[in-house]
Amino acid sequence: MSYGEELMLEMLIQNALEEQKYGETVNRLWGAVSAKVWITAENQTVKISNMSDRHIRNCISLLKRKLPEYDDWFCDIARNYLALFAAELQRRYPQKDATEGFYDNEEDDFIESLL
C-alpha cells in the first residue's frame, strides 16, 4: 500500500469515527429531550423541572443565539428544548385571569419577558 493510499484510508477511518460520534451525540441529546433533562457544559444531567428560572432563561438565550449555527439535527433538538423550557416556565407561572391584574397583552408580555 502506498503512502497516499495509507493516508486516504486513515482519513476514511477518521471520518467514519467522527460520524459515529456525531450519531451517538445526536441520539444522546434526543434521549435527554425525551427524558426532559438538560445536559450541562460539565456533562451533568439536570431535570428541567429542577432548574432555576435563571438557568432556564440562560439556556433559552444560549439556544436562540446558537440556533443559526446548528445543522438540521441539532436545530430540531434545540427547538424541542426551547419548547420544553417555555412549557416549564408556563407551568411555574401559569396564565392568570384578566381580573387578577393582567389585561389584554400584558400577560403575554410578562411571559415573553421571562423567556
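Residues numbered from 1 in each chain as written. Predicted model: local features only at pLDDT ≥ 70, side-chain atom pairs only at ≥ 80, totals over all residues. Heavy atoms only, no water.

**Student:** Just checking my understanding: could you explain the overall build of the chain for this structure?
**Tutor:** A tally of helices and strands in the chain yields four helices and two strands. The proportion of buried residues among the 115 residues of the chain is 25%. Intrachain contacts of the chain at a sequence separation of at least 6 include 56% that bridge at least 24 residues. (Helix = DSSP H or I, 4+ residues; strand = E, 2+ residues; numbered from the N terminus. Buried < 20%, exposed > 50% of the residue type's maximum accessible area, 1.4 Å probe, protein only. Contact = heavy atoms within 4.5 Å.)

**Student:** Sorry if this is basic, but what is going on with the confidence of the model for the chain here?
**Tutor:** The predicted coordinates ought not to be read in detail in places where the model reports low pLDDT. On average, the chain scores 82 in pLDDT, and the residues at 70 or more come to 80%. Mean pLDDT across the secondary structure elements of the chain bottoms out at helix 4 (residues 106-114), with 70, and peaks at strand 2 (residues 45-47), with 94. (pLDDT = per-residue confidence, 0-100.)

**Student:** Sorry, what's going on with the side chain of Asp53 here?
**Tutor:** In this fold, Asp53 is placed in helix 2 (residues 53-66). Asp53 sits in the buried class, given a relative accessible area of 18%. Among the polar contacts listed, one links the side chain of Asp53 to the side chain of Arg92, at a separation of 2.4 Å. (Polar contact = N/O pair within 3.5 Å; in protein donor to acceptor, adjacent residues only side chain to side chain.)

**Student:** Quick question: what am I supposed to make of the nonpolar core here?
**Tutor:** Generally speaking, soluble globular proteins have nonpolar side chains that are buried together. By size, the foremost hydrophobic cluster in this structure holds 22 residues, and its most contacted members are Trp38, Met51, Leu63, Ile77, Tyr81 and Phe85. The set of elements that each furnish at least two residues to this core consists of helix 1 (3-35), strand 1 (37-39), helix 2 and helix 3 (72-92). Other than its neighbours up to four places away in sequence, Tyr81 contacts Leu29, Ala32, Val33, Val37, Trp38, Ile39, Ile48 and Leu63. (Core = buried A, V, L, I, M, F, W, Y, C linked by side-chain atoms within 4.5 Å.)

**Student:** Is there a simple way to think about unusual backbone geometry in this case?
**Tutor:** Glycine aside, a negative phi is what most residues show, and trans is what most peptide bonds show. Residue Lys36 is not a glycine yet carries a positive backbone phi of 60°. Its place among the elements puts Lys36 in the loop between helix 1 and strand 1. Positive phi values are uncommon outside glycine, yet Asn43 reaches one of about 70°. Secondary-structure assignment places Asn43 in the loop between strand 1 and strand 2.

**Student:** How do you make sense of the layout of surface pockets when you look at a structure like this?
**Tutor:** Any empty space left between the atoms is revealed when a probe the size of a water molecule rolls over them. Put simply, the largest pocket is a space of about 380 Å³. As for the largest pocket, its lining consists of 15 residues, of which Leu29, Trp38, Ile39, Thr40 and Tyr70 are closest to the centre. If you list the elements that add at least two residues to the lining of the largest pocket, you get helix 1, strand 1, helix 2 and helix 3. With four residues, the top contributor of residues to the lining of the largest pocket is helix 3. Among the residues making up the lining of the largest pocket, the classes are represented as 11 nonpolar, three polar and one charged. (1 Å grid on protein atoms, 1.4 Å probe; cavity = no way out; pocket = protein on both sides within 12 Å on 5 of 7 lines; lining within 4 Å. Points joined across faces, edges and corners; volume = space filled by probe spheres on them. Nonpolar A, V, L, I, M, F, W, Y, C, P; charged D, E, K, R; others polar.)

**Student:** Just to check I follow, could you spell out helix 3 for this structure?
**Tutor:** Residue pairs spaced three or four apart in an α-helix point in one direction, given the helix's 3.6 residues per turn. When the terminal C-alpha atoms of helix 3 are compared, their 30 Å separation across 21 residues agrees well with the 30 Å that a helix rising 1.5 Å per residue should span. In this structure Asp71 caps helix 3, since a side-chain oxygen of it lies 3.3 Å from the backbone nitrogen of Trp73. (Expected span 1.5 Å × (residues − 1).)

**Student:** What is the right way to look at the pattern of salt bridges in this model?
**Tutor:** Side-chain pairing between opposite charges can occur once the charged atoms of the two side chains come close. Tallied over the entire structure, the rule returns five salt bridges. Across the pair Asp53 and Arg92 runs a salt bridge whose closest N-O atoms are separated by 2.4 Å. Linking Asp53 in helix 2 with Arg92 in helix 3, this pair joins segments that are 39 residues apart in sequence. Under the relative-accessibility criterion, Arg92 is labelled partly exposed at 23%. Between Lys66 and Glu69 there is a salt bridge, with the nearest N and O atoms lying 3.9 Å from each other. Using a relative accessible area of 30% as the deciding quantity, one classes Lys66 as partly exposed. Overlapping salt bridges bring together Asp53, Glu88, Arg91 and Arg92 as one network. (Salt bridge = Lys/Arg side-chain N within 4 Å of Asp/Glu carboxyl O.)

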